[in-house]
Amino acid sequence: MSSIIQLLPDHVANQIAAGEVVQRPASIVKELLENAVDAGATEVKLVVKDAGKTLVQVIDNGKGMSVTDSRLCFERHATSKIRHAEDLFSLHTKGFRGEALASIAAVAHVEMKTRQEQDELGTHIVIEGSKFVSQDVAVLPKGTSFSIKNLFFNIPARRNFLKSDTVEFRHIVDEFERVALAHANIGFMLYHNGSEMFNLPGSNQRQRIVNIFGGRTNEKLVPVSESTEIVNIQGFVCKPEFAKKNRGEQFFFVNDRFIKSGYLHHAVMAAYEGLLKDGSQPGYFLYLDVPPNTIDVNIHPTKTEIKFDDEHALYAILRSSIKHSLGQFNVAPVLDFDRDANLDTPYNYESKEAVMPMVQVDRSYNPFADEKPAKTNSGSSSSSSFSSSGGGGWTPSFKKEKAPVWESLYTGLTEAAEEITPLNEISFESEEVTGSLFNDTEVEQAVQKTYQIHKKYIVSPIKSGLLIIDQKRAHQRVLYEQFLTNITVHHAASQQLLFPLMLYYNMSELALIQEMRGALENTGFVFAEFNNDHIVVSGLPVNVAESEVSILLEELLNDLQQEVPDSSFSQTDSIAKSMARSLAIKTGVIMPEKEQENMVNSLFACKEPNVSPFNKPTFITISVEDLDKRFAI
C-alpha cells in the first residue's frame, strides 16, 4: 500500500496559517503597526481604504531592511526577534513567531518599499498570493512602507464573510487605539478614504489618552502608581461617577502589549466595590511592567492572552493600588466625620514649599478723609473750575441733588381714591342656572376594567377569564413598533429644548452616532452640531425626558457595538429595540387607571402583541375553567 501522508506546499501551508493570523483587515493593521514599533519608528502613518478591503498601508521611519532581509521576511518562521527557544521568556518585542508577513502575503497583493539609513537605494518588492512578482532597486526614504491590497482575493469565501465597512473600520480603530495607547512616545496618524481620522503627536500617557478619547477625559482620570518587586503599575482609572454601561474604555497593557484578562478586570471591580451603580463599568488605562521571565505570551495566536507566574499576588497588588489612589485623591468616601475636606492640602502641593504672599498696600489711603481724591488724567488741561477739598485733593464744583423722599410716592392718591366707584354700587350678572340638560339619576359610574398587581402586572377581566399583562414588556412592544414606524415611514414629532444639551463622546462613538443620525432624527432627535469631541442636541422625541438623553444614547451605543449589525435594516431594528428597552416603563412604577387602559389598548393595536421585541411573552390568559379546576382541588 502506497504512502498517503505528504508535506503540504508552502503556499497551501501559508493560507492555512493565515486563517489564524489574518482574520480581518484589523488583523493586518495590528501586525504591521507592531512591526513598525519593533523597527524603532518615531512616526507611523496608517492609510486605509474601504475599511481595509481595498488597501491597508503602514508607513514608518524605522531602521528599514537590507536587500536580503526584505526578501527573507516573507518566509515562514523567519524573524529577527528571537534566536533560541529560551528567548520566548525574555521577549522585549511585539512579534516573535515570524508568521505574520508570510500569512498576509498568501492572501493579498503585497507591495513593500524599504531602505536602511546607511544605504543610498532601497528595495521595492511586489508579491501576489505568495508568488514573487518583482524585486527592484528604488529611491526611497528611510524606513519601510507596506501596502496590502485586495485582501482575500484568492479566497472568495473568506472575503464574503467580512462584515460591512462600518464594522470592519470600527475593528481597525480598536487595534489602532491599542497600539497608540501602548506607545505614547510615538506619533501615529490614521487616514480613512482620504480623510484624517487621528493625528496623535508623541506625548505622555495622559495626553495620549486625552487625544484619543476627547478633551473631557482629562477630568475623569485618577493617577495610579505602585512599584513592587513583582510588578510596577502605572496608569489611570476613571472616577466612579463617569462609569458607563459598556466596556469600551478598559485597557490593560503588560510590558507595552495590550491584553485581555478577566482575572485582572475582577481585581479592578473589587477596588470599586461600593462605588458603582449596578451594571456600570469603570474605565481604566493600566500599564503593568513585569519581568519577561514571569509571563508566557505564546498561548494564543493573537497574543492578547498572557499567563502569569503569581496571579494571586498580582491581583492583590492591583486591587490595593487602585483603592489607594481612589482614597488618596478623595474619590472614595472616608469615615472621618470630623475632617473638613476643604482644609486638606491638594495632593500636587504637598511637596511644595510655602512662599511669602505678595501684598500691595495703598499707603496714601485715608479712611477718615471728608472726600475721596478725584482721578484726573495727568498732562491734560481742563477749563472747569475746581475747589480745594479738606482731604488735599481737587473735585469738580457741582452739587449733587437729593433724591426725593418716600412720602412723595403717595402724593395724589387721595384724590384718585375718591373717583373710584364703591363695590356696593356695582351690579353683577346673575350666575344661577335655570335648568339642566342631564338628569343626575341617569349618570352611571364607570366600572374599573383594569387593575395593577405588585406594580408589575396589569390584570383585565375578559369574557373567557383573566388577562394578565407584563407592563414592561408590553410597553417595550408598543414603543418598538412606534419607533420602527417613525424611522422607516415618516418623521416623528420633536420637542425643542430651551437650553441645548452638549454631550461628549470619543471618536469611534461619534462616528457611530453620525452613522445612525438619520434614524435618530426620524424618531424625533434634532442635532444642532457635530464636533470632534461632542454633539449638541437641540430637540428630543416627545416621550424622552431631558435627563434620559445621555443614558439612552449610551445604551444605544453599547447595544450597537455588541450586536455589530451588518445591514441598514438590522441597524434600524437595533435602534428601535434599544430605545424601546431604555424608555419602557420599569417594574415597580404605579400606573393610574387611565394609563393601564391605554397600555392594554395600545398593546392589542400592535401588529405582534403576543411577544416583546426580544421574543418574550407580553401577556398570559387564565380561563374560567382553569380557575374552577384550582378551586376543585
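Residues numbered from 1 in each chain as written. Predicted model: local features only at pLDDT ≥ 70, side-chain atom pairs only at ≥ 80, totals over all residues. Heavy atoms only, no water.

### Description of the overall build of the protein
Helices and strands together make up the secondary structure of the protein, namely 17 helices and 24 strands. Looking at the protein as a whole, 40% of its 633 residues are labelled buried. A fraction of 67% describes how many contacts in the protein between residues 6 or more apart in sequence connect residues 24 or more apart. Summed over all atoms, the accessible surface of the protein reaches about 38,500 Å², with 52% contributed by carbon and sulfur. (Helix = DSSP H or I, 4+ residues; strand = E, 2+ residues; numbered from the N terminus. Buried < 20%, exposed > 50% of the residue type's maximum accessible area, 1.4 Å probe, protein only. Contact = heavy atoms within 4.5 Å. Areas by Shrake-Rupley, 256 points an atom, 1.4 Å probe, with all protein chains shown as cover.)

### Quick notes on the packing of aromatic side chains
Throughout the structure, instances matching the rule amount to 16 aromatic pairs. With centroids separated by 6.3 Å and ring planes inclined at 70°, the aromatic side chains of phenylalanine 74 and phenylalanine 146 adopt a geometry described as edge-to-face. Placement of phenylalanine 74 in the loop between helix H3 (67-72) and helix H4 (100-106) and of phenylalanine 146 in strand E6 (residues 143-149) is noted, with a sequence separation of 72 residues between them. Phenylalanine 146 matches phenylalanine 74 in its accessibility class, with the two residues each being buried. In this arrangement the basic side chain of arginine 71 is found over the ring face of phenylalanine 132, its NZ or CZ atom lying 3.7 Å from the centre. Its end group placed over the ring of tyrosine 504, arginine 216 keeps NZ or CZ at 4.3 Å from the ring centre. (Phe/Tyr/Trp six-rings, centres within 6.5 Å; stacked < 30°, edge-to-face > 60°. Lys NZ or Arg CZ within 6 Å of the ring centre and 35° of its normal.)

### Topic: a nonpolar patch on the surface
Residues Leu121, Val137 and Val139 make up a contiguous nonpolar surface patch of about 330 Å² in total accessible area. Mapping valine 137 onto the fold places it in strand E5 (residues 131-138). (Patch = residues over 30% accessible without salt bridge, like charges linked within 9 Å, V, L, I, M, F, W, Y side chains within 5 Å. Salt bridge = Lys/Arg side-chain N within 4 Å of Asp/Glu carboxyl O.)

### Some words on the sheet that holds strand E4 (residues 122-128)
Read from one edge of the open sheet, eight strands run E5-E4-E3-E6-E2-E1-E7-E8, paired in mixed fashion. Two strands bound the open sheet, and with one partner strand each, they are E5 and strand E8 (195-200). When strand polarity is set aside, the average angle formed by the axes of neighbouring strands in this sheet is 10°. The pairing of strand E1 (residues 43-49) with strand E7 (residues 187-192) spans six bridges and is parallel. Looking across to E7, one finds that glutamate 43 is bridged to glycine 187. The sheet contacts of helix H2 (residues 25-38) involve E1, strand E2 (55-60), E6 and E7, and relative to E2 the element is tilted by about 10°. (Pairing = 2+ DSSP bridges. Axes fitted to C-alpha atoms, helices over the stretch in contact; angles between N-to-C directions.)

### Quick notes on the environment of asparagine 615
The topology assignment puts asparagine 615 in the loop between helix H16 (593-603) and strand E24 (619-623). Considering only alpha carbons, one finds asparagine 615 and arginine 473, 142 residues apart in sequence, at a separation of 9.7 Å.

### Let's talk about the nonpolar core
Membership of the largest hydrophobic core comes to 60 residues, with the highest contact counts inside it found for Leu46, Phe74, Leu181, Phe188 and Phe285. A per-element tally of this core places helix H6 (residues 165-182) first, with eight residues. Other than its neighbours up to four places away in sequence, leucine 46 contacts Val29, Val56, Gln57, Val58, Ile172, Phe176, Met189, Leu190 and Tyr191. Ile487, Leu512, Ile513 and Ala576 belong to the second largest nonpolar core, which has 32 residues in total. (Core = buried A, V, L, I, M, F, W, Y, C linked by side-chain atoms within 4.5 Å.)

### Examining helix H9 (residues 311-328)
Helix length check: H9 (18 residues) gives 25 Å between terminal C-alpha atoms against 26 Å at 1.5 Å per residue, within 8%. For H9, every residue scored as buried is listed here: Ala313, Leu314, Tyr315, Ile317, Leu318, Ser321, Ile322, Ser325 and Leu326. In the core, the buried residues of H9 are packed alongside strand E9 (221-227), strand E10 (232-238), strand E11 (250-254), helix H8 (262-271), strand E13 (284-289) and strand E15 (307-308). (Expected span 1.5 Å × (residues − 1).)

### Re the pairing of E13
Across the six residues of E13, five count as buried, placing the element largely inside the fold. Looking at chain direction, E10 and E13 are connected through six bridges and run antiparallel. Along E13, the bridge assignment pairs glycine 235 with leucine 286. Where E11 meets E13, five bridges bridge the pair, whose relative direction is parallel. Note that in E13 the partner of valine 254 across the bridge is leucine 288.

### Things to note about the pairing of E1
Bridge analysis of E1 against E2 gives six bridges, and the strand direction is antiparallel. Its bridge partner being in E2, valine 47 is matched across the sheet by glutamine 57. The loop that links E1 with its antiparallel partner E2 comprises five residues; one of these, aspartate 50, has a positive phi angle of about 55°.

### Describing the packing of H8 against H9
One can describe the packing of H8 onto H9 by two numbers: an axis separation of 8 Å at closest approach and a directional angle of 35°. The way H8 lies across H9 gives a crossing that is right-handed. Across from Tyr263, Leu264, His266, Ala267, Val268, Ala270 and Ala271 in H8, the residues of H9 making contact are Glu311, His312, Leu314, Tyr315, Leu318, Arg319, Ile322, Lys323 and Leu326. (Left-handed = near helix turned anticlockwise from the far one by under 90°.)

### Notes on unusual backbone geometry
Backbone geometry places aspartate 50, a non-glycine residue, at a positive phi of 55°. Structurally, aspartate 50 is set in the loop between E1 and E2. Notably, asparagine 193 is not glycine yet its phi reads approximately 55°, a positive angle. On the secondary structure map, asparagine 193 appears in the loop between E7 and E8.

### Quick look at the pattern of salt bridges
A full pass over the atoms with the stated rule returns 13 salt bridges. For the salt bridge of arginine 24 with glutamate 168, the shortest nitrogen-to-oxygen distance reads 3.0 Å. Residue arginine 24 is found in the loop between helix H1 (10-21) and H2, and its partner glutamate 168 is found in helix H6; the two are separated by 144 residues along the sequence. For glutamate 509, the salt bridge identified is with lysine 244, shortest N-O distance 3.5 Å. Pair noted here: glutamate 509 is in helix H12 (residues 507-515) and lysine 244 is in the loop between E10 and E11, with a separation of 265 residues, a long-range link.

### Describing the side chain of histidine 124
Turning to its location among the elements, histidine 124 is positioned in strand E4. Not counting residues up to four positions away in its chain, the partners in contact with histidine 124 are Glu111, Met112, Lys113, Ser134, Gln135, Asp136 and Ala138.

### Considerations on the confidence of the model for the protein
Confidence along the protein averages 79 in pLDDT terms, with 77% of residues attaining 70 or more. Per-residue pLDDT stays below 50 along residues 376-393; that stretch engages in 12 contacts with residues further than four places along the chain or on separate chains. (pLDDT = per-residue confidence, 0-100.)

### A few points about the sheet that holds strand E23 (residues 534-541)
Taken together, three strands build an open sheet; the order of strands is E21-E23-E22 and the sheet is antiparallel. Every interior strand has two partners, whereas the edge strands, strand E21 (494-504) and strand E22 (526-530), have only one. Here the average twist between neighbouring strands, direction ignored, is 15°. As defined by bridge partners, E21 adjoins E23 across seven bridges and the pair is classed as antiparallel. Across the sheet, the residue bridging to serine 494 is proline 541, located in E23.

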